[in-house]
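# Fold and geometry: a report
The chain contents come next:
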Amino acid sequence: MPTLATTSDGRVLHTPVLCERIVELLSPALTAPADDTAAVLVDCTLGMGGHATELLSANPQAQLIGIDRDSAALEIAAQQLAPFGDRVRLVQAGFAELATVLSDLGIRQVAAVLADLGLSSLQIADQTRGFAYASIAPLDMRMDTRQTLSAAEIVNTWSAAELARIFTSFGEERFATRIAAATVAARPITDSAQLAMVVRESLPAALRYGEQTGHPAKRVAQALRIAVNGELEQLSALLPSALARLQVGGRLAVLSYHSLEDRLVKRAFTQETTDNAPAGLPVVPQHYQAKFRLLTKGAERPTATESANNPRAKSARLRAVQRIKEA
Ligand SMILES: C[S@@+](CC[C@H](N)C(=O)[O-])C[C@H]1O[C@@H](n2cnc3c(N)ncnc32)[C@H](O)[C@@H]1O
């Protein structure tokens, strides 16, 4: 595990993205319910517990179910969240399994759900995990190290057509076909530096050193990471199950970091917050009325100051909804 900056009492220093706004958006759902029971908050992407710490501190009535697929993240989060004692339960799982996680804990409905997608600073900092494509790293990229599919397997065994498909659809890489053919020709590819060289040499000369578009392997690395971790499938499964489990008044906030994720979130939220009555009815009957309302206008972005202080925030987009009617 990499050495992480810590405070004098041993807590990992980490700046959660758009944290104040997320606390503001989710807290109204986490205040004490009338019957004095706990309000359940699910953080589906616990990471190092940065958002969870602030949410639990701001809402003494809240109980946290913290989910992450990464056991290293859960280990750190457990230390960070220790002061909250039995208000915290942690589960290692992909968030696509949210319904099963909640059923196993005997929880039917929840007050708030947070998903802060993508990688944690811990994963990026740990060179052995293979997420840092700009250095020499193994081709791994698994968030859950119990899974067998790794970037090495994709790079060294998938066909050129399959590689081109993921480089295009998950990386939005213009030169996907050339890069895929060069990847197959260069096998075996053993580390990120070798892969970056293959990518660089497949590009037109003017783009090889990334002056205009950032690191030349950035889009291929994004595509591999999304494919290894089934990230879009995970998100597509999470959204309906999180919405289905929200109690009336419950809130869901999603922070995404690239347009593929944000598009899925925007589509799901638009659909759920729109009445779906057949055209021409003078009044929308109850069962056609939207069950959710938008809490954010479009996607909210961090301020220039937050992005300057926390580069991870730069591409963040935040959307949130609230359940207003029973299912
Ligand atoms: C951006 S970090 C979260 C940081 C966290 N909000 C904090 O403040 O510390 C994203 C975390 O989500 C986890 N993650 C990503 N996709 C996941 C999935 N499908 N299921 C469960 N955890 C996931 C990653 O392992 C990572 O630890």
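## A short note on the layout of surface pockets
In this structure, the largest pocket occupies an estimated 930 Å³ of space. Forming the boundary of the largest pocket are 26 residues, of which Tyr133, Lys218, Gln222, Arg225 and Ser315 lie nearest the centre. Counting residues per element, the ones that place at least two in the lining of the largest pocket are helix H10 (218-229) and helix H12 (259-272). Per-element tally for the lining of the largest pocket: the top contributor is H10, with five residues. Residue composition of the lining of the largest pocket, by class: eleven nonpolar, seven polar and eight charged. Mapped onto the domain boundaries, the lining of the largest pocket takes at least three residues apiece from domain 1 (19-122 + 231-323) and domain 2 (130-229).

## Here's the deal with the site of the ligand
Residues in contact with the ligand amount to 26 residues; listed here are only the nearest, His51, Asp68, Phe95, Asp116 and Gln234. Interatomic distance of 2.8 Å between a side-chain N/O atom of Gln123 and an oxygen atom of the ligand. Taken by itself the ligand offers 610 Å² of open surface, and the protein chains cover 99% of this. For the ligand, the cavity whose grid points lie within 2 Å of the majority of its atoms is the largest cavity. When the residues that make up the shell around the ligand are grouped by side-chain class, the tally is ten nonpolar, eleven polar and five charged.

## Quick notes on empty space enclosed by the protein
It is the rolling of a water-molecule-sized probe over the atoms that shows where space remains empty. Evaluation of the coordinates by the stated rule reveals two cavities of 30 Å³ or more. In this structure, the largest cavity encloses a volume near 400 Å³. Thr45, Asp116, Leu117, Gly118 and Leu119 are the residues nearest the centre of the largest cavity, which is lined by 29 residues in total. Ranked by the residues each element gives to the lining of the largest cavity, the list is headed by helix H11 (residues 231-245), at four residues. Residue composition of the lining of the largest cavity, grouped by class: eleven nonpolar, eleven polar and seven charged. Of the volumes computed, that of the second largest cavity is approximately 80 Å³. Secondary structure elements with two or more residues in the lining of the second largest cavity: helix H9 (192-202) and H10.

## Examining the pairing of strand E4 (residues 110-116)
With seven of its seven residues buried, E4 lies for the most part within the structure. Bridge count for strand E1 (residues 39-43) against E4 is three bridges, and the pairing is parallel. Residue pairing in the sheet places Leu41 in a bridge with Ala112 of E4. Of the strand pairs in this sheet, E4 and strand E5 (residues 246-256) are connected by six bridges, and their pairing is parallel.

## Let's talk about the packing of helix H1 (residues 19-26) against helix H2 (residues 50-58)
Interhelical geometry of H1 versus H2 gives an angle of 45 degrees and a closest axis separation of 10 Å. With respect to H2, the element H1 is oriented oblique. When you trace H1 past H2, the crossing you get is right-handed. Residues Cys19, Ile22, Val23 and Leu26 of H1 touch H2, and the partners they reach there are His51, Glu54, Leu55 and Ala58. When grouped by side-chain class, the residues that make up the contact of H1 with H2 number six nonpolar, one polar and one charged.

## Quick notes on the sheet that holds strand E6 (residues 292-294)
Spatially, the seven strands line up as an open sheet ordered E3-E2-E1-E4-E5-E7-E6, and their pairing is mixed. Unpaired on one side and paired on the other, strand E3 (88-92) and E6 mark the two borders of the sheet. Across the sheet, the mean angle separating the axes of adjacent strands is 15 degrees when strand polarity is ignored. By the bridge criterion, five bridges tie strand E2 (residues 62-68) to E3 in an arrangement that is parallel. Counted as the bridge partner of Gly66 is Leu90 from E3. This element, H12, spans E5, E6 and strand E7 (317-323) of the sheet and lies at about 25 degrees to E7.

## Focus: the pairing of E5
Buried residues dominate E5, accounting for eight of its eleven residues. In this sheet, E7 lies alongside E5 in antiparallel orientation, the contact comprising six bridges. Paired with Arg251 across the strands is Gln322, a residue of E7.

## What about the domain arrangement of the protein?
Here the domain parsing of the protein yields domain 1 (19-122 + 231-323) and domain 2 (130-229). Here the C-alpha centroids of domain 1 and domain 2 sit 30 Å apart. Listed per partner, the contact involves 13 residues of domain 1 and twelve residues of domain 2. Carbon and sulfur atoms make up 50% of the surface buried where domain 1 meets domain 2, a total of about 1,200 Å² over both sides. By the criterion of area lost to domain 2, the three top residues of domain 1 are Arg69, Leu119 and Glu231, representing 49% of everything that side buries. Remark: the boundary between domain 1 and domain 2 carries two salt bridges. At the boundary of domain 1 with domain 2, the tally comes to five residue pairs in polar contact (both at pLDDT 80 or more).

Reading the values: rules and limits
- Residues numbered from 1 in each chain as written.
- Predicted model: local features only at pLDDT ≥ 70, side-chain atom pairs only at ≥ 80, totals over all residues.
- Heavy atoms only, no water.
- 1 Å grid on protein atoms, 1.4 Å probe; cavity = no way out; pocket = protein on both sides within 12 Å on 5 of 7 lines; lining within 4 Å.
- Points joined across faces, edges and corners; volume = space filled by probe spheres on them.
- Helix = DSSP H or I, 4+ residues; strand = E, 2+ residues; numbered from the N terminus.
- Nonpolar A, V, L, I, M, F, W, Y, C, P; charged D, E, K, R; others polar.
- Domains from an automatic or database assignment.
- Near = heavy atom within 4 Å.
- Polar contact = N/O pair within 3.5 Å; in protein donor to acceptor, adjacent residues only side chain to side chain.
- Areas by Shrake-Rupley, 256 points an atom, 1.4 Å probe, with all protein chains shown as cover.
- Sits in = over half its atoms within 2 Å of the grid points.
- Buried < 20%, exposed > 50% of the residue type's maximum accessible area, 1.4 Å probe, protein only.
- Pairing = 2+ DSSP bridges.
- Axes fitted to C-alpha atoms, helices over the stretch in contact; angles between N-to-C directions.
- Parallel < 35°, antiparallel > 145°, perpendicular 65-115°, else oblique.
- Left-handed = near helix turned anticlockwise from the far one by under 90°.
- Contact = heavy atoms within 4.5 Å.
- Buried area = accessible area lost by both parts, 1.4 Å probe.
- Salt bridge = Lys/Arg side-chain N within 4 Å of Asp/Glu carboxyl O.

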